[in-house]
Amino acid sequence: MIRQAKGKTPRRPPPKKPSNNQKDPVGVYCRARPLGEEDEECCIEVISNTTIQLHAPDGLKANRNGEFKETQYSFKKVFGIKTTQMELFEDVAKPLVEDLIHCKNGLLFTYGVTGSGKTYTMTGSPGQGGLLPRSLDMIFNSISPYQAKRYVFKPDDKNGMEVQNQVDALLDRQKRESQTSVPKTPTTRRFDPEFADMISPEEACKASGVDEDSSYSVFVSYIEIYNNYIYDLLEETPFDPIKPKPPQSKILREDQNHNMYVAGCTEVEVKSTEEAFEVFWRGQKKRRIANTQLNRESSRSHSVFIIKLAQAPLDADGDNVLQDKSQVNVSQLCLVDLAGSERTSRTRAEGSRLREAGNINQSLMTLRTCIEVLRENQMCGTNKMVPYRDSKVTHLFKNYFDGEGKVRMVVCVNPKADDYEETLLVMRFAEMTQEVEVARPVDRPICGFAAGRRQRNQAFKEELTRRLEDRGGPVDGDSPTVLNQLLQSFPPLPPCEISGPNDNVTLPRLIEALEKRHKVRQMMVEEYNKTANMLKSVLQEQDSNLLSKENFIQEQRGRLGEKDKMIQNQKNEIDRLEKKSKMLEYKIDILQKTTNIYEEDKRSLQQELESREQRLQREMSEKRRMESRMQGIVTDAKLKWEKECERRVNAKQLEMQNKLWVKDEKLKQLKAIVTEGKTENQQPKRPSREKDKVPAKRSASPSPVPTGPPVRPLHRRSHSAGGERWVDHKPTTNVDLDTVLQPNIPNAIKVNAPNEKALSKCDKYVLTHQEVASDGEIQTKLIKGEVFKTRGGGQAVQFTDIETLKQENPLAASRKRRSSETGPDGEPMEGNWTDVETRCSVALEMRAGSNLGPGYQHHGYPKRRKP
Ligand code: ADP
Ligand code: MG
């Protein structure tokens, strides 16, 4: 309620919190419209009169693997498709109109996707009037007999209301009527075809408890908020058909009671439903024209219809409005048809339209944010700033949320499948909105009880008479007759003219009359006193009665107040605890979430670390492999080339030496021929080379060239390869190695497997055994033994010696030898010294190695008995 500020009262401090701390949640109602086409897919179901269920359409379920189940939403009331406009009005808007008449503010808005029935619900259609026309109708049905004359109430342009006396009002009326054609209150109902039969007469309803001692006036304003600009739809601007002026936007102001209002907005005083309708349709028409001219989309604008009800008490006579501005009460009911709540993509807007859509969405978004913050503040006891100022819609209704008033919302839903996702969002918002609480408006009756002042006076008189009658007093119905009788018996004065000094008639007659009169007068005084006393006693009695009653009431009130206080305290305590527990829950929730986030982080970091380590390991091993491969390649190439070089050098050397030898021979022959003449008698036979060598050497000039081939004399063959007869055992599995050195055993019987016959003929046995050495080379071992005749007549072999034939790369061999001699720590390498055999071989090799060329090692082996 917007109570008029008294002229002398200073501006109240800003936080205009209502004195009462009773709060009501925002009333959220849900209305489902019927499907456009019967066979369309329907995605909502009204479960009960408070619950509605949404189920995902088939297509969506398939897309999302059926993850969407049915969701249920509960509201104060859910209205199914069969709900009539009247039923909806009864539940939703009627209480708001009752409140309006009892000086309380109300806000009612429709929310939903475009096409969900917001406008149908708010405005309706012919024969199916919506909440707005019904509200207007109810207001006028209730206050019609008590309306003030036009211009008695006069808006002061600061959201306040002046009150004028009858004369000023009349002057104003005449002035305005002469200026403009103010619509006269139509005498016939429903005169405009556009809203003909919006409400059928039988549906008309009326508020109860209208204060008959007040005078009322209704003012309406109609604004549109588009693209966050406010337009006055009732502003009368002269229309220029050639160059139509774009509508001017209005600004919001705060009045001295901190209520928001649209500055300079037209407020039309209406005296009947029809007149109000007419004004509404005028605004609608203007809205339509503006939308067409400016190429706007009506679904993107919010329309706000404001009904203001001014009421002030009548004066003592009950004839005129009390001329006291501070006694004027103004309450208002805002009926808001919000823009479609859908996201922009749905309508495929482009360019400036997209921007506009953004702004409209922005206002709805701000509305959502405000509701969210309010809810959080109320639930968690926080004091976050509610961003009302972020959009015009929320700014205008700021006072409803942080001041007092009843707020109701009708959420409209279209059951069609296309709207499913948007409807989900609408439902969530609506459900959340219910959790916001708004201060309940306090009762402020203007003139006490409902009965009119004159009627009350009459009732008082009747009561008084009745009581006097009861006491049998003379002041009741008979008293006038007693008095009349007395008055009638009041003797008239006789003629008082004295005819002469001896006139003895006139004076005594006069005396007699006067005496009579005196008697009557005394009687009358007595009667009067009696009546007065009676009246006094009645009044006193009544007074004392009243007093005792008042005392009693006072006492009861005091007790009630105490009880109330106690209850209130307990309620407050409960509220506080509830809020605290909610806040703690909220905090726990947040902490839980934070922990989850940290854990998630930790896990991901660990994973990353592991993967990096693995990568590093992989790279390292790759590197090592590469290194060894490269080393291998290098060594191989080096060895190959070294071998090759050596081979070539040796070949060349041999060739050169051969050539030298041949030349030497030729020279010798030449010398022989030259010296032949001198020594003709000497032997004609050419001396053998061996024999020749020494004398030649002796006689010849000292030549540096060696006479024999520079090959070292052959190593003495093992004694084992002497003149004895051998069994040469070569298993067929042996590989024929292309080595230069081959065992040459003369006088041997070659066998693949030892047999009696061969053994009986021989006294020596040799087994050519091949095996792969630790360095990968094939080793050929000649395992030698002696053949004995056994006592039983058979043969036995006793192994005595092993010769090893081994091919080896000279460089690799030397390197290997070096590394095998000592390990990295100077200790002999393990593995190479593991068995006695190898140790002995190596030891012997050291001894024999100097005589043998690379590639051939003669390993002596100590005699070993066969186990
Ligand atoms: P909105 O204002 O939400 O965009 P409208 O109120 O214009 O939607 O409704 C779209 C259409 O659906 C209109 O033709 C209206 O008559 C129809 N409609 C909406 N709600 C109902 C209802 N409850 N019963 C019958 N028709 C309805
Ligand atoms: Mg609409």
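Residues numbered from 1 in each chain as written. Chains lettered and ligands numbered in written order. Predicted model: local features only at pLDDT ≥ 70, side-chain atom pairs only at ≥ 80, totals over all residues. Heavy atoms only, no water.

An unreviewed UniProt entry annotates the protein as Kinesin-like protein of Cyprinus carpio. Of the comments in the UniProt record for the protein, the one headed Subunit (unreviewed entry) reads "Heterotetramer of two molecules each of RACGAP1 and KIF23. Found in the centralspindlin complex. Interacts with RACGAP1; the interaction is direct. Interacts with ECT2 and PRC1. Interacts with ANXA11 during cytokinesis. Interacts with BIRC6/bruce and USP8/UBPY. Interacts with ARF6, forming heterodimers and heterotetramers." Regarding the protein, the UniProt comment filed under Sequence similarities (unreviewed entry) reads as follows: "Belongs to the TRAFAC class myosin-kinesin ATPase superfamily. Kinesin family." (UniProt positions renumbered as here; feature names shortened; annotations may be inferred.)

> Explain the overall build of the protein to me, using residue names and the numbers behind them.
Of regular secondary structure, the protein possesses 18 helices and 27 strands. In the protein, which comprises 867 residues, the share counted as buried stands at 37%. When contacts within the protein are restricted to residue pairs at least 6 apart in sequence, those whose partners lie at least 24 apart make up 72%. Surface accessibility of the protein: about 53600 Å² in total, with carbon and sulfur atoms responsible for 53%. (Helix = DSSP H or I, 4+ residues; strand = E, 2+ residues; numbered from the N terminus. Buried < 20%, exposed > 50% of the residue type's maximum accessible area, 1.4 Å probe, protein only. Contact = heavy atoms within 4.5 Å. Areas by Shrake-Rupley, 256 points an atom, 1.4 Å probe, with all protein chains shown as cover.)

> Lay out the site of ligand 1 with the relevant residues and their values.
For ligand 1, the full set of nearby residues is Arg31, Arg33, Pro34, Val113, Thr114, Gly115, Ser116, Gly117, Lys118, Thr119 and Tyr120. Here an oxygen atom of ligand 1 sits 3.2 Å away from a polar atom, N or O, in the main chain of Ser116. Between ligand 1 and the protein, one listed contact pairs an oxygen atom with a backbone N or O atom of Lys118 at 2.9 Å. Taken by itself ligand 1 offers 550 Å² of open surface, and the protein chains cover 67% of this. When residues of the shell around ligand 1 are assigned to their parent elements, the largest contribution, 3 residues, is made by helix H4 (residues 118–122). (Near = heavy atom within 4 Å. Polar contact = N/O pair within 3.5 Å; in protein donor to acceptor, adjacent residues only side chain to side chain.)

> If you had to explain the pairing of strand E5 (residues 51–54) to someone new, which residues and values would you point to?
Side-chain positions along a regular strand alternate between the two faces of the sheet. Side chains of E5 alternate between two faces, with Thr51 and Gln53 and Ile52 and Leu54 buried alike. In this sheet, strand E6 (residues 71–74) lies alongside E5 in antiparallel orientation, the contact comprising 4 bridges. What sits directly across from Thr51, in E6, is Ser74. (Pairing = 2+ DSSP bridges.)

> How would you sum up the nonpolar core? Please name residues and give values.
The biggest cluster of nonpolar side chains holds 54 residues, and the ones touching the most others in it are Ile52, Phe75, Leu107, Phe397 and Phe401. Counting residues per element, this core draws most heavily on helix H11 (residues 420–433), which supplies 7 residues. Not counting residues within four places of it along the chain, the set of residues in contact with Phe75 comprises Val28, Cys30, Thr50, Ile52, Met427, Ala430, Glu431 and Gln434. Judged by nonpolar contacts, the second largest core, of 45 residues, contains Phe79, Leu88, Ala207 and Val270. (Core = buried A, V, L, I, M, F, W, Y, C linked by side-chain atoms within 4.5 Å.)

> Hey, could you go over unusual backbone geometry for me, with residue numbers and the actual values?
The phi dihedral of Asn228 falls on the positive side, at around 65°, and the residue is not glycine. As for its placement among the helices and strands, Asn228 is situated in the loop between strand E13 (214–226) and strand E14 (229–232). Look at His258: it is not a glycine, yet its phi comes out positive at around 65°. With respect to the helices and strands, the residue His258 is situated in the loop between strand E16 (252–254) and strand E17 (260–262). The buried category is assigned to His258, whose relative accessible area is 9%.

> Lay out helix H3 (residues 94–101) in plain terms, naming residues and giving numbers.
Taken across its 8 residues, H3 has 7 buried, putting it largely inside the fold. All buried positions along H3 are accounted for by Lys94, Leu96, Val97, Glu98, Asp99, Leu100 and Ile101. Along its buried surface, H3 packs onto helix H2 (85–92), strand E8 (106–112), helix H5 (131–143), strand E19 (302–313), strand E20 (329–337) and strand E21 (406–413). Looking one or two residues past H3, Cys103 carries a phi angle of roughly 65°, positive in sign.

> I'd like to hear about the confidence of the model for the protein, residue by residue, with values.
Of the residues in the protein, 76% reach a pLDDT of 70 or more, and the chain-wide mean stands at 79. Element-level pLDDT for the protein is lowest in helix H18 (residues 836–848), with a mean of 39, against a maximum mean of 97 in strand E3 (residues 27–32). Between residues 184–191, whose pLDDT stays under 50, and residues either more than four places distant or in other chains, the model counts 18 contacts. In this model residues 474–479 is a low-confidence stretch, pLDDT under 50, and it forms 6 contacts with partners more than four residues away in sequence or in other chains. (pLDDT = per-residue confidence, 0-100.)

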